[in-house]
Amino acid sequence: MSREIIFLNPVLKETIWGGSRLSEFGYNLPGEHVGECWAVSAHPNGDCTISSGTYAGMHLSQLWTEHNELFGNAHGSRFPLLTKIIDADADLSIQVHPDDTYAQTHENGSLGKTECWYILDAEPGTMIVIGHNAKNHEEVKQMIEQKRWKEFIREIPVQKGDFFLIEPGTVHAIKGGTLLLETQQNSDITYRVYDYDRLNNGKPRELHVKQSIDVVKAPFIKTEPPKDLKKTVNSNMHELVSCPFFSVWTLDVEENAEIKQDQKFMIVSVVEGSGNVDGMMVEKGKHFIIPAGYGKVVFRGNMQLVVSSI
């Protein structure tokens, strides 16, 4: 099996709420409001190309189809995950995602969207929207239709190092002053519940009120991650979450760290520092895939990595 690590070229996206902090990751920003880096993506709305090596120039979607052995012959017609870095300079819309069943029925066979957030930075006093305060689904409908937003929305403080799993049906929003890494299903389906009555090119952005009411789960059940996130899995790797769609870990490298690549594949994002992986230089903002059957991986340097797999 290949011992070649697959490096990718990210896709950068301008957004109404984006800022300029993605330049801190070494990216050349295409504008003043760049909110998203689609770092490892095979979605039609942002399909990363391979930056070097045997598969240079190929899109990740093509690699998945033509060389599925690199991904442990994992099932599925499309690459299953999407890794993003998000820079929220202003508040994102209040939104909710559908599950696979709803998306397949109502969104041309799309996957649903389970996602998770690892907070890379947050300005002091920043809040984040996770959940709602309605007692049941009928009250969800009433509060949304009557625009009782302050009463409806549940906000909590957020700080660097926090982690959140956002399951389908969860009302959520990233607010201005937040920088995070997102791991999600390979889907671009988002239902906007409320967008603060903002105008984009002179017009309000589209809302998806009916779909939102359809999919919001009520009542909201708070599921905070366990406080002992330092569950050691693989030497220095610490598990953040394991759910039916993905597992995510952090890996702190202090001088050196060694792991075993025993998953179908591993997505690795360098979110702090610099060093090398099996002798290849990497730094903050680099993203790569360690393919199936790779075996032992040696990291050297001082850096923090976020690792995911299916």
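Residues numbered from 1 in each chain as written. Predicted model: local features only at pLDDT ≥ 70, side-chain atom pairs only at ≥ 80, totals over all residues. Heavy atoms only, no water.

K.L.:
Explain the overall build of the protein chain to me, and be specific about the residues and the numbers.
P.N.:
Within the protein chain, the secondary structure is distributed over five helices and 24 strands. The C-alpha atoms of the protein chain give 19 Å as radius of gyration, which agrees with the globular expectation for 310 residues (19 Å, within 12%). Here the C-alpha coordinates of the protein chain stretch approximately 60 × 40 × 40 Å along the principal axes. Considering the protein chain as a whole, with its 310 residues, one finds that 53% of them fall into the buried category. In the protein chain, the proportion of contacts linking residues at least 24 apart, taken out of those at least 6 apart, comes to 72%. For the protein chain, the exposed area adds up to about 13900 Å²; of that, 46% sits on carbon and sulfur atoms. If the 30 positive side-chain charges of the protein chain are averaged to one point and the 41 negative ones to another, these points end up 3 Å apart. (Helix = DSSP H or I, 4+ residues; strand = E, 2+ residues; numbered from the N terminus. Rg over C-alpha atoms; globule rule 2.2 N^0.38 Å. Buried < 20%, exposed > 50% of the residue type's maximum accessible area, 1.4 Å probe, protein only. Contact = heavy atoms within 4.5 Å. Areas by Shrake-Rupley, 256 points an atom, 1.4 Å probe, with all protein chains shown as cover. Lys, Arg positive; Asp, Glu negative; His and termini not counted. Charge placed at Lys NZ, Arg CZ, Asp CG, Glu CD.)

K.L.:
Can you tell me about the environment of Glu115, naming the residues and giving the values?
P.N.:
Relative to the assigned elements, Glu115 resides in strand S9 (residues 115-122). For the pair formed by Glu115 and Lys203, sequence separation is 88 residues and the distance between their alpha carbons is 29 Å. Not counting residues within four places of it along the chain, the set of residues in contact with Glu115 comprises His97, Phe164, Leu165, Ile166, His172, Glu182, Thr183, Gln184 and Phe246. Separated by 3.2 Å, the side chains of Glu115 and His97 make a polar contact. Of the polar contacts made by the side chain of Glu115, one reaches the side chain of Trp117; its length is 3.1 Å. (Polar contact = N/O pair within 3.5 Å; in protein donor to acceptor, adjacent residues only side chain to side chain.)

K.L.:
Tell me what's going on with the pattern of salt bridges, and back it up with residues and numbers.
P.N.:
Scanning all chains against the criterion turns up 14 salt bridges. For Arg3, the salt bridge goes to Asp278, with nearest N and O atoms at 3.6 Å. Residue Arg3 is located in the segment before strand S1 (6-9), and its partner Asp278 is located in the loop between strand S21 (266-277) and strand S22 (280-283); the two are separated by 275 residues in the primary sequence. The residue Glu155 makes a salt bridge to Lys175 at a minimum N-O spacing of 3.1 Å. Taken together, the residues Glu155 in strand S11 (residues 153-157) and Lys175 in the loop between strand S13 (172-173) and strand S14 (178-185) connect sequence positions 20 residues apart. In this structure Glu155 comes out as partly exposed when scored by relative accessible area, which is 38%. When its relative accessible area of 13% is taken as the criterion, Lys175 is described as buried. (Salt bridge = Lys/Arg side-chain N within 4 Å of Asp/Glu carboxyl O.)

K.L.:
Describe the nonpolar core, listing the residues and the values that go with them.
P.N.:
By size, the foremost hydrophobic cluster in this structure holds 39 residues, and its most contacted members are Leu60, Leu63, Phe71, Phe79, Ile85 and Ile289. Sorting the residues of this core by element identifies S1, strand S3 (34-40), helix H1 (60-66), strand S7 (81-88), S9, S14, strand S19 (237-242) and S21 as the ones contributing at least two each. In terms of residue count, S3 provides more of this core than any other element does, four residues in total. Residues within four places of Phe79 in sequence aside, it is in contact with Val40, Ala42, Leu60, Trp64, Phe71, Asn186, Phe265, Ile267 and Ile289. (Core = buried A, V, L, I, M, F, W, Y, C linked by side-chain atoms within 4.5 Å.)

K.L.:
A description of helix H3 (residues 137-145) should follow, citing residues and the corresponding values.
P.N.:
Among the residues making up H3, those that are buried are Glu139, Val140, Met143 and Ile144. In an axial view of H3, the angular spread of the buried residues amounts to 130°, which keeps them on one side of the axis. Taken together, the buried residues of H3 touch strand S10 (127-132), helix H4 (149-152), strand S15 (191-194) and helix H5 (209-215). The first or second residue beyond H3 is Lys147, which carries a positive phi of 55°. (Arc of directions from axis to C-beta.)

K.L.:
Requested: an account of the layout of surface pockets, with residues and values cited.
P.N.:
The method is simple in principle: a probe with the dimensions of a water molecule rolls over the atoms, and the space it marks as empty is what remains. In this structure, the largest pocket spans a volume of roughly 550 Å³. Breaking the lining of the largest pocket down by element, the ones donating at least two residues are strand S2 (11-19), S3, S7, S9, S13 and S15. With five residues, the top contributor of residues to the lining of the largest pocket is S2. Taken together, the residues of the lining of the largest pocket sort by class into ten nonpolar, eight polar and eleven charged. Roughly 290 Å³ of internal volume is contained in the second largest pocket. As for the second largest pocket, its lining consists of 19 residues, and the residues nearest its centre are Glu167, Thr170, Phe220, Ile221 and Thr223. Elements with a contribution of two residues or more to the lining of the second largest pocket: S10, S11 and strand S12 (163-166). Among the elements that line the lining of the second largest pocket, the one with the most residues is S12, at three residues. Here the residues of the lining of the second largest pocket sort into ten nonpolar, four polar and five charged. (1 Å grid on protein atoms, 1.4 Å probe; cavity = no way out; pocket = protein on both sides within 12 Å on 5 of 7 lines; lining within 4 Å. Points joined across faces, edges and corners; volume = space filled by probe spheres on them. Nonpolar A, V, L, I, M, F, W, Y, C, P; charged D, E, K, R; others polar.)

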